[in-house]
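Structural overview
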Amino acid sequence: MSASNPFSSAFELQRTMIDQSRRAAETGIDVQRAAVETWFGSFDSAKSVQKSGVTLSKTAIDAYLDGLKSVFPEDSIAELETAVDEQFDAVDEIHEDAWQSFLEGLDEAEATYDEMTEMQLELLAESFDALEEMQSDAEETAEETVASAEELAESA
């Protein structure tokens, strides 16, 4: 655009604003993606903490049963220990199955989220590309109009 075109700086400012808006939108999506990935990743730790809680409960009950052995006949406590062990084995199995199912669902949700985020980025890029093209066309039209006006003014 010629230096005498009064619209030059306005179009330059507009280009800068479009570019900054594009980068801000992309950064916002990247921040969302990182937050969601962190959230998805936190469930392995939650599983571990929950499993530790179950183990701690079993240890406490085992200690209690050991204490009962000093008061009651060992045979009567042995049946109780067997029942407790069986129950905790069942809890461990249910715990593992439930977490496996949950984490599989979570993996599917994460894959869906990734696909949606990619689509969002593509749409964002297409939108900004279209906006930049419209801005460029408007700038070209303004430049032609100013050039025509300058020629008219010179010939008058």
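Below you will find a few notes about this structure. (Residues numbered from 1 in each chain as written. Predicted model: local features only at pLDDT ≥ 70, side-chain atom pairs only at ≥ 80, totals over all residues. Heavy atoms only, no water.)

1. Considering the overall build of the chain
A count of helices and strands for the chain gives two helices and zero strands. For 156 residues, the compact-globule estimate of 2.2 N^0.38 gives 15 Å, and the C-alpha radius of gyration of the chain, at 34 Å, exceeds that figure by more than 25%. With the C-alpha coordinates of the chain rotated into their principal frame, the extents come out at 120 × 25 × 10 Å. The contacts in the chain between residues at least 6 apart in sequence include a share of 84% that link residues at least 24 apart. Total accessible area on the chain is roughly 11000 Å²; 58% of this is exposed by carbon and sulfur atoms. Positive and negative charge centroids in the chain, built from 8 and 39 side chains respectively, lie 8 Å apart. (Helix = DSSP H or I, 4+ residues; strand = E, 2+ residues; numbered from the N terminus. Rg over C-alpha atoms; globule rule 2.2 N^0.38 Å. Contact = heavy atoms within 4.5 Å. Areas by Shrake-Rupley, 256 points an atom, 1.4 Å probe, with all protein chains shown as cover. Lys, Arg positive; Asp, Glu negative; His and termini not counted. Charge placed at Lys NZ, Arg CZ, Asp CG, Glu CD.)

2. Remarks on the nonpolar core
Soluble globular proteins tend to bury their nonpolar side chains together. The biggest cluster of nonpolar side chains holds six residues, and these are Val54, Leu65, Leu68, Ile77, Val84 and Phe88. Of all the secondary structure elements, the ones that give two or more residues to this core are α1 (8-69) and α2 (74-155). Once residues lying within four places of it in the same chain are set aside, the contact partners of Phe88 are Val54, Ser57, Lys58 and Ile61. Formed by five residues, the second largest nonpolar core is a distinct cluster that contains Phe40, Trp99, Leu103 and Leu106. (Core = buried A, V, L, I, M, F, W, Y, C linked by side-chain atoms within 4.5 Å. Buried < 20%, exposed > 50% of the residue type's maximum accessible area, 1.4 Å probe, protein only.)

3. As for the side chain of Arg33
Tracing the backbone shows Arg33 in helix α1. Reaching out from Arg33, the side chain makes a polar contact with the side chain of Glu118 at a distance of 2.7 Å. Those residues in contact with Arg33 that sit more than four places away from it in its chain are Tyr113, Asp114, Thr117, Glu118 and Leu121. (Polar contact = N/O pair within 3.5 Å; in protein donor to acceptor, adjacent residues only side chain to side chain.)

4. Considering the pattern of salt bridges
All told, the structure shown has 12 salt bridges when counted by the stated rule. Residue Arg15 pairs with Glu139 through a salt bridge whose shortest N-O separation is 2.5 Å. Remark: Glu139 occurs in helix α2 and Arg15 occurs in helix α1; sequence separation between them is 124 residues. Under the relative-accessibility criterion, Arg15 is labelled partly exposed at 30%. Between Glu96 and Lys47 there is a salt bridge, with its nearest N and O atoms 3.0 Å apart. Separated by 49 residues along the polypeptide, Glu96 in helix α2 and Lys47 in helix α1 bring together distant segments of the chain. Salt bridges linked by common partners bring Glu12, Arg15 and Glu139 together as one network. (Salt bridge = Lys/Arg side-chain N within 4 Å of Asp/Glu carboxyl O.)

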